[in-house]
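Topology and contacts: notes
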Amino acid sequence: DTGVSQNPRHKITKRGQNVTFRCDPISEHNRLYWYRQTLGQGPEFLTYFQNEAQLEKSRLLSDRFSAERPKGSFSTLEIQRTEQGDSAMYLCASSLGSGDNQPQHFGDGTRLSIL
Amino acid sequence: KQEVTQIPAALSVPEGENLVLNCSFTDSAIYNLQWFRQDPGKGLTSLLLIQSSQREQTSGRLNASLDKSSGRSTLYIAASQPGDSATYLCAVRHPRRGASKIIFGSGTRLSIRP
């Protein structure tokens, strides 16, 4: 169990640029979640996958955001035409099984700063 | 709409004290409640998960209780240590068709003074 891995740890970019983050879940975890966290707040749900299927998306996930999990293993989160309001910590979590009673395990996040 | 509240937002206590962190939620129809710890600039570490049918869970110096009817959970930390300094977040999983997200409180920032 190597834990949930996220890359990069930090990303600094200019407004209007596209960015992509990667998450590698704990192996054999079939559920993968993306959250966004701003300073002083708890994480807010963005989307989740069960295997390769994206089953739910939050209203926070505007059309500039897209997430994929093509082979049911790692996932990517892309933000197009970044805005200053996108500056936040983006957290990935994974869990095992198809039920809702398993704990979610989080990575250390990718901190995005928009200049 | 489910809302999760943690009060106080920050707490400072001397080392060795026992302490209680509070979490309240507005809709008692939850699957489970999870307590996390977050160190500055880091992700979340799961501490305890309480299923809706359970009243409490214990791990080492930590004990979490759940009272669904009143919409409350507490995290009890015994014999606090400076290494316990972190932000503690609670999160509930709320049953709704198609939903599997968890809803977080804003956390309590705990500081243990040596």
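Residues numbered from 1 in each chain as written. Chains lettered and ligands numbered in written order. Predicted model: local features only at pLDDT ≥ 70, side-chain atom pairs only at ≥ 80, totals over all residues. Heavy atoms only, no water.

Our next topic: the overall build of chain B. When you go through chain B residue by residue, the secondary structure sums to zero helices and eleven strands. Ordering the α and β elements of chain B from the N terminus gives β-β-β-β-β-β-β-β-β-β-β. Over its C-alpha trace chain B gives a radius of gyration of 14 Å, about what one expects of a compact globule, namely 13 Å for 114 residues. Along the longest, intermediate and shortest principal axes, the C-alpha atoms of chain B span 45 × 30 × 20 Å. Here chain B, with 114 residues, has 45% of them falling under the buried criterion. Carbon and sulfur atoms make up 47% of the accessible area of chain B, which amounts to about 5400 Å² in all. Averaging the positions of the 13 positive and the 8 negative side-chain charges in chain B gives two centres separated by 9 Å. (Helix = DSSP H or I, 4+ residues; strand = E, 2+ residues; numbered from the N terminus. Rg over C-alpha atoms; globule rule 2.2 N^0.38 Å. Buried < 20%, exposed > 50% of the residue type's maximum accessible area, 1.4 Å probe, protein only. Areas by Shrake-Rupley, 256 points an atom, 1.4 Å probe, with all protein chains shown as cover. Lys, Arg positive; Asp, Glu negative; His and termini not counted. Charge placed at Lys NZ, Arg CZ, Asp CG, Glu CD.)

Counted according to the given criterion, the structure contains nine aromatic pairs over all chains. Note on F21 of chain A and Y90 of chain A: the rings are 5.3 Å apart at their centroids and 40° apart in plane angle, and the pair reads as tilted. Residue F21 of chain A is found in strand β3 (residues 19-24), and its partner Y90 of chain A is found in strand β9 (residues 88-95); the two are separated by 69 residues along the sequence. On the accessibility criterion, F21 of chain A (1% relative accessible area) is buried. Note on Y90 of chain A: relative accessible area 0%, which makes it buried. Residues F106 of chain A and F36 of chain B carry aromatic rings whose centres are separated by 5.4 Å and whose planes lie at 85° to one another, so their mutual orientation is edge-to-face. Of this pair, F106 of chain A sits in strand β10 (residues 105-106) while F36 of chain B sits in strand β4 (residues 32-38), each in a different chain. Here F106 of chain A matches F36 of chain B in class, with each residue buried. By way of ring pairs, the aromatic residues Y33, Y35, F45, Y48 and F106 of chain A together with F36 and F104 of chain B are connected into one cluster. Taking NZ or CZ as reference, R22 of chain A lies 3.9 Å from the ring centre of F74 of chain A, over its face. (Phe/Tyr/Trp six-rings, centres within 6.5 Å; stacked < 30°, edge-to-face > 60°. Lys NZ or Arg CZ within 6 Å of the ring centre and 35° of its normal.)

In this section: the sheet that holds strand β7 (residues 65-68) of chain A. As a general point, the strands of a sheet are linked pairwise by backbone hydrogen bonds and lie either parallel or antiparallel. All names here are of chain A. Strand order in the open sheet formed by four strands is β1-β3-β8-β7, with antiparallel pairing between adjacent strands. Either end of the sheet is taken by a strand with one partner, and the two such strands are β1 (5-7) and β7. Pairwise comparison of adjacent strand axes, ignoring direction, gives a mean angle of 15° for this sheet. (Pairing = 2+ DSSP bridges. Axes fitted to C-alpha atoms, helices over the stretch in contact; angles between N-to-C directions.)

Below, the discussion takes up the nonpolar core. Residues L33, W35, L75 and I77 of chain B are the most contacted members of the largest nonpolar core, which totals 22 residues. Apart from the residues within four sequence positions on either side, I77 of chain B is in contact with E17, N18, L19, L21, R61, L62, D84, Y88 and L110 of chain B. Within the second largest apolar cluster, 19 residues are counted, among which are V4, F21, I26 and I114 of chain A. (Core = buried A, V, L, I, M, F, W, Y, C linked by side-chain atoms within 4.5 Å. Contact = heavy atoms within 4.5 Å.)

With that settled, the discussion passes to the environment of I114 of chain A. Residues and elements named next belong to chain A. Here I114 lies in strand β11 (residues 110-114). On a C-alpha basis, the gap between I114 and T82 in space is 7.3 Å, while along the polypeptide they are 32 residues apart. When residues no more than four places from it in sequence are discounted, the contact partners of I114 are T13, K14, R15, T82, E83, Q84, D86 and S87.

Right, let's get into the interface of chain B and chain A. Taken together, the 23 residues of chain B in the interface contact 24 residues of chain A. For the pair chain B and chain A, the summed buried surface comes to about 1800 Å²; carbon and sulfur atoms form 46% of the total. Counting the contacts that link chain B with chain A gives zero salt bridges. At the surface where chain B touches chain A, the tally comes to five residue pairs in polar contact (both at pLDDT 80 or more). Within the residue set of the side of chain B that touches chain A, elements represented by two or more residues are β4, β5 (44-51), β9 (86-93) and β10 (102-104) of chain B. Residues that form the side of chain B that touches chain A fall into these classes: eight nonpolar, eleven polar and four charged. (Buried area = accessible area lost by both parts, 1.4 Å probe. Salt bridge = Lys/Arg side-chain N within 4 Å of Asp/Glu carboxyl O. Polar contact = N/O pair within 3.5 Å; in protein donor to acceptor, adjacent residues only side chain to side chain. Nonpolar A, V, L, I, M, F, W, Y, C, P; charged D, E, K, R; others polar.)

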